[in-house]
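Survey of secondary and tertiary structure
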Amino acid sequence: MTDALSRFKSAGIGNYEAEEADGQLTYHLHSEDETKLYNQLCDALKARREAEAKGEVEVHPSINTESPSYIQDGSIKSQFWLWACLRARKYEVERALELYMNFLVFRCEYGIDDPNDPDHDETLEYLKRKAQRACGNKDHLGRYVLSFDAIPDRPKGRVLVRTVFNLIQYLLVTYPDAQARGTITVGNFEPFSMFHFDSQGQKELLDALTNKLPVRSGGMFMVNAPLIIRSIWPLMRRLMKKKMQDRFHVHKKPISMLKYMDEDQLDVEFGGKFVRTDDCLILGMTDEQFADALKRAEAWQHAEDELLDAHAAAAASTTKDAAEDAAEEAAVDAITEGVTTVVV
């Protein structure tokens, strides 16, 4: 038990501090207020570039503007990820810019979108194993689910991080509101073994999720947790920062996840009715897909507004009908009372 706890500790679980996701939309996507903040972020990026050109700000040594991993300012990808960083940092422009700069470094260090990256083929093969997934199901609060199986032969840290990034990228591109609503992670620990636990790989992943990837986390759910995890869990919680403790949950039986998710959103393997697809097994996205994602975000918000308006109209109509019914009943009661009085 002591060895297991020390390995979790060395993985950096005590330093993990992800942005909290509450599943809510602070602003309507691409609304006037949100766009103002986005423009402020673009201005901040421009000022940063000017400072770099003057030598006032140092450019990270990992940045290679000629690399296919680098995102050119003003490109469709740049627009998409600036929006993602803004929403991931709850519209705090300065922090969003910091995240975007970290993200650019991350892309170059991990060879994102580089077909010649030494781990390209292994990343693709791991994606095909379906051990990690992002298929569009959500919890009660509207947060999207990232799920995984704790398989014994997990890949080395760099491949693991590249795989998780591709799933997050697929999720954010495919579901427009995911950037703002955030995610939860559901892990199936049934095949878990401490013998195969890679603390260095987990440390790399937690660092990326904390400081480099534009995603907000609503929590981590360990289902089918083996005895070793359930035994050391009280000690593991003490390693975490206080605000993270309540976002980690350990479940012996997966059916208890119905407390957090509707049955039609919970995976069939966990006792629900959600059947996953293979659509998320994609390595890389094209500029056309990013451009389409930006358009769909606006279309999604328009459709969402129409739906909310329809619900409001229906509620108002119901209230009006109820008021008219009540008035009619009151009139009938008054007439009945008057008749009764006469009869008496």
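Turning to the packing of aromatic side chains, a few remarks are in order. By the definition in use, this model includes 14 aromatic pairs. Plain terms: the ring middles of F80 and W81 are 5.0 Å apart, the flat faces sit at 90° to each other, and that makes the pair edge-to-face. A residue is classified by how much of its surface remains accessible, and W81, at 0% relative accessible area, is buried. Taking the centre distance of 5.9 Å and the plane angle of 35° together, the rings of W81 and F165 count as tilted. Placement of the pair is W81 in helix α3 (residues 76–88) and F165 in helix α6 (residues 157–174), with a sequence separation of 84 residues. Given the relative accessible area of 1%, F165 is considered buried. Taken together through their ring pairs, the aromatic side chains of F80, W81, F103, F106, Y110, F165 and F290 make up a single cluster.

Take the side chain of T183 next. Here T183 is to be found in strand β3 (residues 183–188). T183 sits in the buried class, given a relative accessible area of 3%.

At a minimum axis separation of 10 Å, helix α2 (residues 32–53) and α3 run at an interaxial angle of 110°. Between α2 and α3, the angle falls in the class roughly perpendicular. Handedness of the α2/α3 crossing: right-handed. Residues E34, T35, L37, Y38, L41, C42 and L45 of α2 form the contact with α3, whose participating residues are Q79, L82, W83, L86 and R87. When its residues are assigned to classes, the contact of α2 with α3 shows 8 nonpolar, 2 polar and 2 charged.

Here is what the cut-offs are and how they apply
- For every chain, the first residue of its written sequence is number 1, and the numbers climb from 1 along that sequence.
- It should be noted that, the model being predicted, local features are given only for residues of pLDDT at least 70 and side-chain atom pairs only at 80 or more, the latter also being counted only at that level, while totals for whole chains, interfaces and linings use all residues.
- Heavy atoms from the whole structure form the basis of all side-chain values; hydrogens and water molecules are not counted.
- Note on aromatic pairs: the rings of Phe, Tyr and Trp (six-membered ring only in Trp) are paired at centre separations within 6.5 Å, and the planes decide the class, stacked below 30 degrees, edge-to-face beyond 60, tilted for the rest.
- Each residue's exposure class comes from its accessible area (1.4 Å probe, protein chains only) as a fraction of the maximum for that residue type: buried when under 20%, exposed when over 50%, partly exposed otherwise.
- In this text, helices come from DSSP runs of H or I with a minimum length of four residues, and strands from runs of E with a minimum of two, each type numbered from the N-terminal end.
- Under this scheme, a helix contributes an axis fitted over its contacting stretch, all axes are lines through C-alpha atoms, and angles between N-to-C directions fall in the 0 to 180 degree range.
- Roughly parallel covers angles under 35 degrees, roughly antiparallel covers those over 145, roughly perpendicular covers 65 to 115, and oblique covers all other angles.
- Each crossing gets its handedness from the near helix: less than a right angle anticlockwise from the far helix is left-handed, clockwise is right-handed.
- Note on contacts: a residue pair is in contact if any heavy atoms of the two residues lie within 4.5 Å.
- Residues were grouped as follows: Ala, Val, Leu, Ile, Met, Phe, Trp, Tyr, Cys and Pro as nonpolar; Asp, Glu, Lys and Arg as charged; and all remaining residues, including Gly, as polar.

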